[in-house]
Amino acid sequence: MSTAVRAADTPFAVEVEQDKDYWWCACGLSQNQPFCDGSHKPTDITPVKYTATKSRTVFFCGCKATGKQPLCDGSHNA
Ligand code: FES
Ligand code: FES
(Lines give C-alpha, C1' and ligand atoms only; values in the text may rest on other atoms or scores of the structure.)
(Ligands and ions follow the chains in the order given, each with its own letter.)
Protein backbone atom coordinates (compact mmCIF):
# COMPACT_ATOMS: atom_id res chain seq x y z
CA MET A 1 0.00 0.00 0.00
CA SER A 2 1.35 3.41 -0.97
CA THR A 3 1.89 6.15 1.57
CA ALA A 4 0.88 9.72 0.87
CA VAL A 5 3.60 12.34 0.63
CA ARG A 6 3.31 15.50 2.70
CA ALA A 7 2.76 18.16 0.03
CA ALA A 8 2.50 21.14 2.37
CA ASP A 9 2.60 21.93 6.09
CA THR A 10 -0.62 23.94 5.99
CA PRO A 11 -3.98 23.72 4.20
CA PHE A 12 -4.80 25.35 0.87
CA ALA A 13 -7.56 27.97 0.97
CA VAL A 14 -9.64 27.66 -2.20
CA GLU A 15 -12.69 29.63 -3.32
CA VAL A 16 -15.03 26.86 -4.44
CA GLU A 17 -18.08 27.31 -6.62
CA GLN A 18 -21.47 25.86 -5.72
CA ASP A 19 -22.28 22.51 -7.41
CA LYS A 20 -18.79 22.22 -8.89
CA ASP A 21 -16.72 19.04 -8.41
CA TYR A 22 -13.12 19.15 -7.25
CA TRP A 23 -10.64 16.28 -7.17
CA TRP A 24 -8.35 16.53 -4.16
CA CYS A 25 -4.89 15.00 -4.45
CA ALA A 26 -4.63 12.32 -1.76
CA CYS A 27 -1.15 11.08 -2.73
CA GLY A 28 0.72 14.37 -2.35
CA LEU A 29 2.55 14.02 -5.68
CA SER A 30 0.51 16.46 -7.75
CA GLN A 31 2.26 19.56 -9.05
CA ASN A 32 -1.11 21.32 -8.95
CA GLN A 33 -1.85 21.15 -5.20
CA PRO A 34 -4.29 20.67 -3.65
CA PHE A 35 -5.80 19.05 -6.73
CA CYS A 36 -5.02 15.84 -8.62
CA ASP A 37 -2.94 16.08 -11.80
CA GLY A 38 -2.72 12.34 -12.47
CA SER A 39 0.65 11.87 -10.74
CA HIS A 40 -0.85 9.21 -8.44
CA LYS A 41 -0.86 6.67 -11.28
CA PRO A 42 2.25 4.71 -10.12
CA THR A 43 0.69 4.43 -6.63
CA ASP A 44 -2.49 2.73 -5.39
CA ILE A 45 -3.83 6.05 -4.09
CA THR A 46 -6.70 7.74 -5.89
CA PRO A 47 -8.04 11.30 -5.66
CA VAL A 48 -11.00 12.23 -3.47
CA LYS A 49 -13.99 14.01 -4.98
CA TYR A 50 -15.36 17.10 -3.28
CA THR A 51 -18.63 18.64 -4.44
CA ALA A 52 -19.18 22.19 -3.26
CA THR A 53 -22.61 22.59 -1.65
CA LYS A 54 -22.22 26.37 -1.78
CA SER A 55 -19.76 28.99 -2.95
CA ARG A 56 -17.31 29.72 -0.14
CA THR A 57 -13.71 29.36 0.97
CA VAL A 58 -12.70 25.77 1.70
CA PHE A 59 -9.47 24.61 3.36
CA PHE A 60 -8.16 21.56 1.54
CA CYS A 61 -5.61 19.46 3.40
CA GLY A 62 -2.03 19.92 2.18
CA CYS A 63 -0.27 17.55 4.57
CA LYS A 64 -2.39 14.58 3.40
CA ALA A 65 -2.70 13.31 6.97
CA THR A 66 -6.19 14.64 7.60
CA GLY A 67 -8.81 12.32 9.05
CA LYS A 68 -11.51 14.27 7.21
CA GLN A 69 -10.43 13.99 3.58
CA PRO A 70 -10.29 16.18 1.62
CA LEU A 71 -10.53 18.96 4.18
CA CYS A 72 -8.03 20.06 6.82
CA ASP A 73 -8.85 18.82 10.32
CA GLY A 74 -5.82 20.29 12.07
CA SER A 75 -3.75 17.10 11.82
CA HIS A 76 -0.95 19.06 10.09
CA ASN A 77 0.01 20.39 13.54
CA ALA A 78 0.68 16.90 14.91
FE1 FES B 1 -2.36 12.85 -6.08
FE2 FES B 1 -3.89 12.26 -8.16
S3 FES B 1 -2.03 13.31 -8.17
S4 FES B 1 -4.25 11.79 -6.11
FE1 FES C 1 -3.60 18.42 6.49
FE2 FES C 1 -4.38 20.46 7.95
S3 FES C 1 -3.22 20.52 6.15
S4 FES C 1 -4.78 18.39 8.29
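In this text the structure is predicted, and so the values were computed from the model without any measurement.

What counts, and where the lines are drawn
- Residues numbered from 1 in each chain as written.
- Chains lettered and ligands numbered in written order.
- Predicted model: local features only at pLDDT ≥ 70, side-chain atom pairs only at ≥ 80, totals over all residues.
- Heavy atoms only, no water.
- Helix = DSSP H or I, 4+ residues; strand = E, 2+ residues; numbered from the N terminus.
- Rg over C-alpha atoms; globule rule 2.2 N^0.38 Å.
- Buried < 20%, exposed > 50% of the residue type's maximum accessible area, 1.4 Å probe, protein only.
- Contact = heavy atoms within 4.5 Å.
- Areas by Shrake-Rupley, 256 points an atom, 1.4 Å probe, with all protein chains shown as cover.
- Core = buried A, V, L, I, M, F, W, Y, C linked by side-chain atoms within 4.5 Å.

*Asks:* Run through the overall build of the protein, naming residues and quoting values.
*Replies:* Scanning the protein from terminus to terminus reveals zero helices and four strands. Counting from the amino terminus, helix and strand elements in the protein follow one another as β-β-β-β. Taking 78 residues into account, the globule formula puts the C-alpha radius of gyration at 12 Å, and the protein, at 12 Å, falls close to it. Taking the principal axes of its C-alpha atoms as reference, the protein extends roughly 35 × 30 × 20 Å. Residues classed as buried in the protein amount to 36% of the 78 residues present. The long-range fraction of contacts in the protein, counting pairs at least 24 apart against all pairs at least 6 apart in sequence, stands at 57%. When the accessible surface of the protein is totalled, it reaches about 4,700 Å², and 49% of it is carbon and sulfur.

*Asks:* Account for the side chain of His 76, naming residues and giving values.
*Replies:* Residue placement: His 76 occurs in the segment after strand 4 (56-60). The class of His 76 is buried, set by a relative accessible area of 16%. The residues touching His 76, leaving out its near neighbours within four places in the chain, are Arg 6, Asp 9, Thr 10, Pro 11 and Cys 63.

*Asks:* So what's going on with the nonpolar core? Residues and values would help.
*Replies:* In this structure, Val 16, Tyr 22, Trp 24, Tyr 50 and Phe 60 are the most contacted members of the largest nonpolar core, which totals 16 residues. Mapped onto this core, the elements with two or more residues apiece are strand 1 (12-16), strand 2 (21-24), strand 3 (48-51) and strand 4. Once you skip the residues sitting within four places of it in the chain, Phe 60 turns out to touch Pro 11, Phe 12, Val 14, Val 16, Tyr 22, Trp 24, Pro 34, Phe 35, Tyr 50, Pro 70, Leu 71 and Cys 72.

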